Amino acid sequence: MGASHLAISRHATGEGVCVLQLAGEIDFTTAGALREAFADRDGVPGHRTVVDFSEVTFMDSSGVNALVGANRAAALGGGWIRLAAVPAEVHEVLHIVGLDDVLRLYPTLTLALAA
């Protein structure tokens, strides 16, 4: 079995929202990088983050745990996390654990940023 790969790029919008764009797999080998990306906000205040899942091909419980922790930290800081363009396979995982009732999901990055 090959090693998983997760590419993460980050930028801030003019409104101070952190946008994380993910590509690849989120599993036990890559979830640490995702947790770090949520924790390192490059000085962006408010803990407001939109995560673009459009290029994510797989996510297991490690990714779920990273999202739960990031959502908790954001809420404690008065912020939020929104998920954009979540593929059906990943949405199924979120639905099974009930996270789709906790986090706001949007069909596109544009809609998530506009909300």
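Colleague: So what exactly am I meant to see when it comes to the pairing of strand S4 (residues 80–84) here?
Modeller: Two faces, one strand: in a regular strand the side chains alternate between the faces of the sheet. Burial of S4 is extensive: 4 of the 5 residues sit out of reach of the surface. Relative to S4, strand S3 (residues 48–59) runs parallel, the two sharing 5 bridges. Across the sheet, the residue bridging to Arg-48 is Trp-80, located in S4. Taken together, S3, helix H2 (residues 61–76) and S4 constitute a β-α-β crossover, and its handedness is right-handed. Pairing analysis gives 3 bridges linking S4 to strand S5 (residues 104–106), with the strands arranged parallel. Bridged to Leu-83 within S5 is Leu-105.

Colleague: Please explain the nonpolar core as it appears in this structure.
Modeller: Within soluble globular proteins, side chains that are nonpolar generally end up buried alongside one another. Membership of the largest hydrophobic core comes to 24 residues, with the highest contact counts inside it found for Leu-22, Phe-53, Leu-67 and Leu-83. Among the elements that take part in this core, H2 stands out by supplying 5 residues, more than any other. Val-17, Val-50, Ala-84 and Ala-112 belong to the second largest nonpolar core, which has 5 residues in total.

Colleague: Help me understand the environment of Ser-61, please; the structure alone is not making it clear to me.
Modeller: One can find Ser-61 in helix H2. For the pair Ser-61 and Ala-73, spaced 12 residues apart in the sequence, the C-alpha separation amounts to 18 Å.

Colleague: Got a minute to help me understand the packing of aromatic side chains in this structure?
Modeller: The relative placement of two aromatic rings is captured by the distance of their centres and the angle of their planes. Summed over the entire model, instances satisfying the criterion amount to 0 aromatic pairs. Taking NZ or CZ as reference, Arg-82 lies 3.6 Å from the ring centre of Trp-80, over its face.

Colleague: Got a minute to help me understand the sheet that holds S4 in this structure?
Modeller: Hydrogen bonds between backbone groups are what pair the strands of a sheet, and the pairing can be parallel or antiparallel. Across the sheet, which stays open at both edges, the 5 strands sit in the order S1-S2-S3-S4-S5 with mixed pairing between neighbours. One side of each edge strand has no neighbouring strand; the edge strands of this open sheet are strand S1 (6–12) and S5. Strand-to-strand twist across the sheet, computed as the mean angle between neighbouring axes with direction ignored, equals 20°. Its contacts with the sheet put helix H3 (residues 88–97) on S3, S4 and S5, and the angle it makes with S3 is roughly 115°.

Colleague: Could you clarify how one ought to interpret unusual backbone geometry in this entry?
Modeller: Positioned with a positive phi, Ala-85 is a non-glycine residue whose angle comes to about 55°. The residue Ala-85 is located in the loop between S4 and H3 in this model.

Colleague: Even after reading the chapter, I still don't get the environment of Ala-33, so can you show me in this structure?
Modeller: Within the secondary structure layout, Ala-33 lies in helix H1 (residues 31–39). What makes Ala-33 partly exposed here is its relative accessible area of 35%. Separated by 18 residues in the primary sequence, Ala-33 and Glu-15 place their C-alpha atoms 25 Å from one another.

Criteria and thresholds
- Residues numbered from 1 in each chain as written.
- Predicted model: local features only at pLDDT ≥ 70, side-chain atom pairs only at ≥ 80, totals over all residues.
- Heavy atoms only, no water.
- Buried < 20%, exposed > 50% of the residue type's maximum accessible area, 1.4 Å probe, protein only.
- Helix = DSSP H or I, 4+ residues; strand = E, 2+ residues; numbered from the N terminus.
- Pairing = 2+ DSSP bridges.
- Right-handed = clockwise from strand over helix to strand, strands pointing away.
- Core = buried A, V, L, I, M, F, W, Y, C linked by side-chain atoms within 4.5 Å.
- Phe/Tyr/Trp six-rings, centres within 6.5 Å; stacked < 30°, edge-to-face > 60°.
- Lys NZ or Arg CZ within 6 Å of the ring centre and 35° of its normal.
- Axes fitted to C-alpha atoms, helices over the stretch in contact; angles between N-to-C directions.
- Contact = heavy atoms within 4.5 Å.

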